[in-house]
Structure formats: C-alpha cells, structure tokens
Amino acid sequence: MSRINLMSAELANRIAAGEVVDRPSSVVKELVENSLDAKSKNIRISINQAGRDMIRVQDDGIGMDAIDAELCFLRHASSKIKSTFDLRRITTLGFRGEALPSIASVSNVTMLTYDGNSSTGYEVYVEPGKDPIVKEGLKRQGTIFTIRDLFFNTPARLKYLKSDNTENSSIIEVCENLAISNSGVAFELEIDGKRIFKTSGRGNLKETISEIYGLDIVRSTIEFNGENQFFKVSGYVCKPNISYASRYHILTFLNGRSVYIYKVNQALLTAFKDYLPPNRYPFAVISIEADYALVDVNVHPSKKEVRISEEEKLSKLVEESVKSALISDRPIYTPVKINVAGLEKLDKVKEQLTLSDVVNDEDNNIYQESIKEEENIIKDEVKEEVNNEVLPVIKEEENEKPVDLLESEPRTFLPDLEVIGQVLKTYIVCDGSDGIYLIDQHAAQERINYEKVLADFSKKEMEVVSPLSPILIDVSPSVMIGLDEKHIAQLHRIGFDVEVFTGNTLRVSTIPLLLKDDDDTSMIKDLICSCLQDKKCEMSDLKHLAIATVACKASIKANMFLTKEMMETLIKQLAQCKNPNNCPHGRPTIIKLSKYEIEKLFKRTGF
Ligand code: ADP
Ligand code: MG
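In this text the structure is predicted, and so the values were computed from the model without any measurement.

S.K.: Please set out the overall build of the chain residue by residue, giving values where relevant.
M.R.: Broken down by element type, the chain carries 22 helices and 25 strands. Expressed as a percentage of its 607 residues, the buried residues of the chain come to 53%. Taking all contacts inside the chain whose residues are at least 6 apart in sequence as the whole, residues at least 24 apart take part in 71%. Of the roughly 28300 Å² that the chain leaves accessible, carbon and sulfur atoms contribute 50%.

S.K.: With reference to specific residues and values, describe the nonpolar core.
M.R.: Counting 61 residues, the largest nonpolar core has Ile45, Phe73, Phe187, Leu189 and Ile209 as its most contacted members. Considering each element in turn, this core owes the most residues, seven residues, to helix 7 (residues 164-181). Here this core spans two domains, since at least three of its residues come from each of domain 1 (9-198) and domain 2 (214-343). Not counting chain neighbours up to four residues away, the residues in contact with isoleucine 45 comprise Val28, Val32, Arg56, Val57, Cys175, Phe187, Glu188, Leu189 and Glu190. Counting 41 residues, the second-largest nonpolar core is a separate cluster that includes Met7, Leu269, Ile288 and Leu317.

S.K.: Account for the site of ligand 1, naming residues and giving values.
M.R.: If you check the shell around ligand 1, you find 22 residues, and the closest are Ser78, Ser79, Lys80, Arg96 and Gly97. Within the side chain of asparagine 34, a nitrogen or oxygen atom sits 2.8 Å from an oxygen atom of ligand 1. Here a nitrogen atom of ligand 1 and a side-chain polar atom of threonine 143 are 3.4 Å apart. Considering ligand 1 on its own, with 530 Å² of exposed area, one finds that the protein chains cover 96% of that surface. At the level of elements, helix 2 (24-37), strand 4 (77-78), helix 5 (99-104) and strand 8 (142-148) are the ones that each hand at least two residues to the shell around ligand 1. By residue number, the principal contributor to the shell around ligand 1 is helix 5, which donates three residues. Of the residues assigned to the shell around ligand 1, the class counts are 10 nonpolar, eight polar and four charged.

S.K.: I'd love a proper account of the sheet that holds strand 7 (residues 133-137), names of residues and values included.
M.R.: As summarised here, the arrangement of the eight strands in space is 7-6-5-8-3-2-9-10, forming an open sheet in which the pairing is mixed. Of all strands in the sheet, those bounded by a partner on one side alone are strand 7 and strand 10 (194-198). Between one strand axis and the next, the sheet turns by 15° as a mean value, whatever way the strands run. Two strands pair when backbone bridges link them, and strand 9 (residues 186-191) and strand 10 are joined in this way by four bridges, in the antiparallel orientation. The residue of strand 10 that forms the bridge with leucine 189 is phenylalanine 197. The sheet strands contacting helix 7 are strand 2 (42-48), strand 9 and strand 10, and the helix crosses strand 9 at an angle near 175°.

S.K.: Requested: an account of empty space enclosed by the protein, with residues and values cited.
M.R.: One pass over the structure, following the stated rule, counts six cavities of 30 Å³ or more. Counted as a void, the largest cavity has a volume near 80 Å³. Tyr213, Ile217, Tyr244, His249, Asp474, Val475, Ser476, Val479, Lys525 and Cys529 are the residues that line the largest cavity. Residues belonging to the lining of the largest cavity are distributed by class as follows: six nonpolar, two polar and two charged. Mapped onto the domain boundaries, the lining of the largest cavity takes at least three residues apiece from domain 2 (214-343) and domain 3 (382-607).

S.K.: Please set out the environment of asparagine 182 residue by residue, giving values where relevant.
M.R.: Tracing the sequence through the fold places asparagine 182 in the loop between helix 7 and strand 9. For asparagine 182, a relative accessible area of 17% translates into the label buried. Separated by 71 residues in sequence, asparagine 182 and phenylalanine 253 have C-alpha atoms that sit 9.8 Å apart. Residue contacts for asparagine 182: discarding those within four places in its chain leaves Leu36, Phe187 and Gly256.

S.K.: Account for the pairing of strand 24 (residues 505-512), with residues named and values stated.
M.R.: Counting buried residues along strand 24, six of its eight residues qualify, which places the element largely inside the surrounding structure. As defined by bridge partners, strand 22 (residues 471-474) adjoins strand 24 across four bridges and the pair is classed as antiparallel. Residue pairing in the sheet places isoleucine 471 in a bridge with valine 508 of strand 24. Pairing of strand 23 (residues 497-502) with strand 24, which is carried by five bridges, proceeds in the antiparallel orientation. Bridge pairing links valine 498 to valine 508 in strand 24. Following strand 23, the chain reverses through two residues before pairing antiparallel with strand 24; glycine 503 in that reversal takes a positive phi of roughly 30°.

S.K.: Any chance you could break down the packing of aromatic side chains for me, citing the residues and the numbers?
M.R.: In this description, an aromatic ring pair is defined by two values, namely the gap between the centres and the angle between the planes. Evaluation of the coordinates by the stated rule reveals three aromatic pairs. Between tyrosine 213 and phenylalanine 283, the aromatic rings sit 5.2 Å apart at their centres with planes inclined by 80°, giving edge-to-face as the arrangement. Of the two residues, tyrosine 213 is situated in helix 8 (residues 205-213) and phenylalanine 283 in the loop between helix 10 (262-271) and strand 15 (284-290); the sequence distance between them amounts to 70 residues. We note that tyrosine 213, like phenylalanine 283, is buried.

S.K.: I'd love a proper account of a negative patch on the surface, names of residues and values included.
M.R.: A surface patch of negative charge is lined by Glu418, Asp431, Glu565 and Glu568. Within the fold, glutamate 418 resides in strand 18 (residues 418-423).

Rules behind the numbers
Residues numbered from 1 in each chain as written. Chains lettered and ligands numbered in written order. Predicted model: local features only at pLDDT ≥ 70, side-chain atom pairs only at ≥ 80, totals over all residues. Heavy atoms only, no water. Helix = DSSP H or I, 4+ residues; strand = E, 2+ residues; numbered from the N terminus. Buried < 20%, exposed > 50% of the residue type's maximum accessible area, 1.4 Å probe, protein only. Contact = heavy atoms within 4.5 Å. Areas by Shrake-Rupley, 256 points an atom, 1.4 Å probe, with all protein chains shown as cover. Core = buried A, V, L, I, M, F, W, Y, C linked by side-chain atoms within 4.5 Å. Domains from an automatic or database assignment. Near = heavy atom within 4 Å. Polar contact = N/O pair within 3.5 Å; in protein donor to acceptor, adjacent residues only side chain to side chain. Nonpolar A, V, L, I, M, F, W, Y, C, P; charged D, E, K, R; others polar. Pairing = 2+ DSSP bridges. Axes fitted to C-alpha atoms, helices over the stretch in contact; angles between N-to-C directions. 1 Å grid on protein atoms, 1.4 Å probe; cavity = no way out; pocket = protein on both sides within 12 Å on 5 of 7 lines; lining within 4 Å. Points joined across faces, edges and corners; volume = space filled by probe spheres on them. Phe/Tyr/Trp six-rings, centres within 6.5 Å; stacked < 30°, edge-to-face > 60°. Patch = residues over 30% accessible without salt bridge, like charges linked within 9 Å, V, L, I, M, F, W, Y side chains within 5 Å. Salt bridge = Lys/Arg side-chain N within 4 Å of Asp/Glu carboxyl O. Lys, Arg positive; Asp, Glu negative; His and termini not counted. Charge placed at Lys NZ, Arg CZ, Asp CG, Glu CD.

Functional significance is not addressed by these values, which are geometric in nature.
Now the structure itself:
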C-alpha cells in the first residue's frame, strides 16, 4: 500500500526551506534518518572516497511499493506529514519531502526497495533532471540507496568540499550521533572498505557508548535522570577526570533527534562548573523526552536547531539532574550560601570569611565554596570597592586566559611570611606581621607547577622521553580518521611519536619530558585527540592545554598533611612566582586577614 502524499502548496510553503544537502555527511544523515523513520533495525552505511564516489545506505525497514518508489523523488512528497496540523506534532526525523529530490538533483541514484507485500521488489534509477526509471528488483525487505558521483553537476559545491579526512570525520560524527541516539538499532559504518564502527542495537545506551567511544569512557560514566511536568531527561556524563578541550563530546538528543540547544549546553556546563577548569568540557550524552507539541523542528533545514517551549525549565532540569549525579558520585563541594542581602556590603562577606569559620567547619570544602561565593559577589557588585589590603587576590582576567599573560605581567611580591601551621590539612596559616595569611596548599602548588611548566615550554629544545612501556590509547573512529602524515609530523614536533597500533588504538612511544611524571595518561590522550580533531593544531593550543592540565595535577592535594619544612618550601616557591596570588584558574591562593579586620571582629576598633 502506498503511503506517500504530495503536499498541498500551502503546506509546502510552511516548510522551512533551504539547502538540505551541502556535503556528503548531510546526504548520509538524510538517508539514515529515512531508514530510521522506516523502522529499520539494521542499518549499514558504506562510503567510498569521502562520499564523492559512493554513499550506500542499506536498511531492513518497511520499504516502498511501486508507486512510492517513484513518488519519493518528487519535491514535497512525504509519507510523514499530510496537513499543516501535523507540522505542530512532528514525530519522525524527516517531514519535508525534500531530501531525496535534492540528492537526486546532484548525483546518480540507484534505489532498491521491497515492502514485504508487493509481488516484487523495485529497482529505481534517477539521474539529475530526468524521470526515474523503475524496474522490477529483488525481494529483499527494506531499502538500499546508492548515491554515486555526488555533486558531479555542481562543480562549485564540489570545490567547496574539504579534504577526504575532514569529510569522512563529519560523516563519522553524523553516524556516531545517529547510532548513539538510536541504541535500539544496529549500525555499521564502513569507509573505503574499512569498518569504522559497529553497534549491537540491543537498546542499551551504555553499551552503544562503549561500542563507539571505548571502554575508558564507559568506565567513567555516571548516569543521571530527572523529570518535571514537561520533560524527562536522562543520560550519562563522564566523571571530571575525563574532559576535553572542545564541546565535541556533548551530545544532546531530543525525542531521538540529535539537536543543539544552547541553553541545555550551558546548563550542563554550569553543573560541571565546580569540577572542571575553565575551557575544559565534559563528555555527556543528554537524552530529552518532551511532548512533541512542545517542540518545533520546522525551524532550520538541517533540523539541528529546534525551538522548545519551556526551555528554561528544561535547562534547569538538566542542570539539577547532572549536578545531583555528580554530587552523589563524589561530593567535592558542599555548597553553602552566604546570605548577603544587598551586600551592606563587603564587610559582611569579610566577616563571614573569618579564620574561625575555617577552623570550625566540619567540611573544609565549604571554605572553598565560600571563597567562590565571595569571588563572585566581589566581582559582580563591589569590584571597585575591594581593598587590596584585605583581599589582594582577585584578578578577573586570569579566569579568561590563563596562559601567556605571564610574560607581560609585572611580578607580585609576597610579604615575609612565617609558617605557623596547617589547618584542615588544606590551608597553611602564616604570620605576616600585618595580619594572618591563609594559603590554600593545592592552589599554591598549582601556581608553582604552572609557572614551572611555562618556563619549561619556553625552552627552545623540546626534550622527549620514552615511557617504560608504550602508552596505548583508545580513540573514537572520528578522531582516528584525523591521523595522517601531517598530524603525525605535528605531534612529533611537540614531542609525541604516535602510530596506529590496532583498529582504533594508537601507540605513543615518546612523550615530552615535562609529562613524564604524569601517571595518568588521560591528558596525553586528550592532547593527541585535540590535535587530530583540530584541523589547525597550533603549537600554542597544545601548550595551553598541556600547561593548564599539568599545573592542575598538582602533587600537593587538599586534605594532605604537610610537615613544617614542606610548608616552608611551598611558601618559598610560591614567593618566587610571578603571580603568587592566584592559581592558574584564577582562584585565590592566599587570603589575608588584616590586623584591622581581626580587631574589628573582636570589636576592638572604634575606641
Ligand atoms: P521526508 O523524509 O521528509 O518525508 P524524503 O525526501 O527524505 O522526505 O523521503 C521521501 C519519502 O520517501 C519518505 O517520506 C518515505 O515515505 C520514503 N522513503 C525514503 N527513504 C525511505 C526508506 N529508506 N525506507 C522507506 N521509505 C523511504
Ligand atoms: Mg527524509
């Protein structure tokens, strides 16, 4: 029974028009979405020469009868919507009836299809500008599209295509997204005869994540869930030990469609705020279920942008669900709100940040949170009022760009400090003759490491070492595809010798000397992945990443007992830093309580 309708002019006009196919990956996306809409359980994608030569998508879905097999190549022919009313409730991935005619206008298409009922299957051949030729074909359930010579008749578009690697990695990314958002469908992707990935399609999202991104990621995932009156959200985030230099690993699905929703992304990043340094991004698969009536996908031809009602409530839900998953996994901070109505003003904040707070509080992390609160308050409301005497440590620009500022930065000197002792196994208390100084030992060590790494990096020769055993790292197929001579040479220049070990595993046989003490290889992996993904791969980017990460992996942690000698050494090293007042992420390393402040707290002033 044929299903496809030709849309009325009115309906066709209501459809957000635009270019549907602009590169091979968009062809793949449209064809696979059609296979998914056709309820396929197995989808196989084969690509030759980055899709320029051939794209084949093979499915076992509902197929088409003779009439549909011909109609489907007409503009505004779709089985998915029939009236403008349906536009308000789109439950399928496609709905515009534009993909197939668009594809057929820029390539040579062969389609085989069988719906399981017709007396025969059909084979259809279409060339640009010509009517489809329909012949009888095999009775194989489902549909196989083969697209050849893409853009052969539109040289301008052909010219705009990027390198094979870039086009392939875009295809892989599209397929990864589709496979992750449809874990109940088995996907197989093959490029130039090489299997890129295969998923089992058993409907287990975690399994699909592991099939695509590898076991390292899955081991590190935390599940999150949440629900409110409009939305249900669920998914996985990785613990903060895995983070990236780009947002590439944040995937969002809305009713099974891969989408980008700015506010949801922001909500996720807010949830991670306390766990990741600036410019680092988490791994996350966020699946959102919403009533179809709340979602308008008819906004943009690529359907990646959508409009959602109650977006605020959605982002709040995402933030809260991810936050509580992170907290339940590893309570790093226990947030405490300092209630400062109107900030009357700075005094109150200062009062709350007294030494006694620090000493008496059960959870020393509360103090860090307090510092953050205080930082924000000061930044937002009383920037100018901050008296350097009292709070010498807030430097706004540090937050934004921690690297390379240092060169031009004037050196800040610490006063002479005498170590009194350690409190809460985290803070060093010093007598500074004009007040009490509290030093966050971890933040201080971060600053010291950061400046050391920066100095090391400035040396002309890049020193390398071979780790005792080669480092093996699993990377995703889309990262792997970036490995070519050029990138190998670039990595070599900054000290990494990298080669393919097996399938999606790389072997790293040398690393820069400054990373040698790092027993955690995730940072090395991350550097290499960003180089392979990032087409530009500038030395300065890698420097930035290496510095921030190395510095963050400070050897002295919070909650670590230090001897007096250790404390003295740390203070001495800190005093030699160009900017001893902030850790590389912009947080304070030192808090000072001036004599005046202490006197005020003891009510000794004013008489
Ligand atoms: P849309 O997906 O927006 O409806 P398309 O141009 O992508 O428009 O496809 C036109 C129609 O062709 C679809 O509505 C569907 O009925 C049919 N079709 C396309 N691909 C398949 C497939 N793989 N299996 C079954 N039917 C398909
Ligand atoms: Mg479609």
